[in-house]
Amino acid sequence: MLIAILFLVGAMALVVLIAARWAGYLRGTPGLTRSQRQVLEQYGLFYRTLTGEARTRYEHIAAHFLDHMQWRGAGISVVDEMKVLIAGTAAQLLHGLKQFRFTHFHTVMLFRDTYRSGRSGRMHQGEVRPSEGLIIISWGDHVRGYANPSDGRNVGLHELAHALWFEHKAQAEEGTLLHPERLQDWIDQADAEIERIRAGNSTLFREYAGTNQVEFFAVAVEYFFEQAAQFREADPRLYGTMKDLLGQDPAADRRA
Ligand SMILES: [Zn+2]
């Protein structure tokens, strides 16, 4: 009798476990492998500056991004090293946020180098297509973005900032990636800076940043990481708002 009850309880537990797993509740994010960590140790400039909890969170986000995205190459075979470094760029941008999961963007496509976009007809280093859940990056430009880490140009950060912006809008009803009030502060302050850029009076940002709010956000992210101290000096209020919005302070972190 006892054996029969134990068997029944065991069988029921197994059914619950299978159902939970199937429903996705127990599907954990795989961690980074040893070789993936080595790639970051070797080439992940930002990763190497992190310690403790921030480093753990960065690894967790990179592993999730790697696993969540489908990876496609256009005229290039996408090897693990490329995926790890793009996922690392995502983790650089997202590791200070409470929520970091992209659900609407599901594919990363890499070109070998600068490419002619079928959409615009112009040469591109990258683009995002929110309606297709697609992030496109030129691998050559991604590498060059990190080869000079202080020129305020980084296409990987630029395109992932676009993805974050559109992902936030797409997720607005389910919850939010970016704090709504901080984002509103940012938008209010950005408009003033965009006016200065258009008038040729910005002391920091390149002209392209004056295109519109979406482009300004992406360019501001590039400067936030690559010229943090200059950004803080040129516009301390906007820098402070970005620091709160992204939950990290690269100007202070670099100095420490
Ligand atoms: Zn852009």
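In this text, all values refer to a predicted model and were calculated from it rather than measured experimentally.

Moving on to the overall build of the protein chain. When its secondary structure is counted, the protein chain shows 12 helices and six strands. A burial count over the protein chain gives 38% of its 256 residues as buried. Sequence-distant contacts, at least 24 apart, represent 69% of the contacts inside the protein chain between residues at least 6 apart.

This brings us to helix α5 (residues 80-94). Across its 15 residues, α5 extends 21 Å between first and last C-alpha, which sits within 8% of the 21 Å expected from 1.5 Å per residue. Of all 15 residues in α5, 13 are buried; the element is thus mostly enclosed.

Note that Val 128 resides in strand β5 (residues 126-129). When the C-alpha positions of Val 128 and Phe 105 are compared, they lie 9.1 Å apart, and in sequence the two are 23 residues distant. Setting aside residues up to four positions removed in sequence, Val 128 forms contacts with Leu 134, Ile 135, Glu 159, His 162, Ala 163 and Phe 166.

Spatial strand order, β1-β2-β6-β5: four strands in an open sheet with mixed pairing. Two strands in the sheet have a free side with no partner beyond their single neighbour: β1 (70-74) and β5. Across this sheet, the average inter-strand angle for adjacent strands is 15°, counted without regard to direction. Across five bridges, strand β2 (residues 107-111) lies against strand β6 (residues 134-138) in parallel orientation. Paired with Leu 110 across the two strands is Ile 137, which belongs to β6. With respect to the sheet, helix α7 (residues 155-170) is in contact with β5 and β6, its orientation differing from that of β5 by roughly 15°.

What follows concerns the pairing of β6. Among the five residues in β6, four count as buried, and that is most of the element. Summarising the sheet, β5 and β6 pair through four bridges and their orientation is antiparallel. Paired with Arg 129 across the bridge in β6 is Leu 134. Hairpin geometry of β5 and β6 is characterised by an intervening segment of four residues between the two adjacent antiparallel strands and by a positive phi of about 65° at Gly 133.

This brings us to the confidence of the model for the protein chain. When the pLDDT values of the protein chain are averaged, the result is 89; 87% of them are 70 or greater. Here residues 21-26 is a poorly scored stretch, pLDDT under 50, and it has four contacts once near neighbours within four places are set aside; other chains count.

This part is about the packing of helix α4 (residues 52-68) against α5. It is at 8 Å that the axes of α4 and α5 come closest, and there the two elements cross at 130°. With respect to their mutual orientation, α4 and α5 come out oblique. Here α4 runs over α5; the crossing is right-handed. Of the residues in α5, those touching α4 at Tyr 58, Ile 61, Ala 62, Phe 65 and Leu 66 are Lys 83, Val 84, Ala 87, Gly 88, Ala 90, Ala 91 and Leu 94.

In this section: the nonpolar core. Among the nonpolar cores identified, the biggest contains 64 residues, and Ala 62, Ala 90, Ala 161, Ala 220 and Val 221 are the most heavily contacted of them. Each of domain 1 (30-151) and domain 2 (179-256) accounts for three or more of the residues forming this core. Leave out the neighbours within four places in its chain, and Ala 161 touches Leu 93, Phe 217, Ala 218 and Val 221.

Basis of the calculations
Residues numbered from 1 in each chain as written. Predicted model: local features only at pLDDT ≥ 70, side-chain atom pairs only at ≥ 80, totals over all residues. Helix = DSSP H or I, 4+ residues; strand = E, 2+ residues; numbered from the N terminus. Buried ≥ 20, exposed ≤ 12 C-beta atoms within 10 Å, placed from the backbone. Contact = placed C-beta atoms within 7 Å. Expected span 1.5 Å × (residues − 1). Pairing = 2+ DSSP bridges. Axes fitted to C-alpha atoms, helices over the stretch in contact; angles between N-to-C directions. pLDDT = per-residue confidence, 0-100. Parallel < 35°, antiparallel > 145°, perpendicular 65-115°, else oblique. Left-handed = near helix turned anticlockwise from the far one by under 90°. Core = buried A, V, L, I, M, F, W, Y, C linked by C-beta atoms within 7 Å. Domains from an automatic or database assignment.

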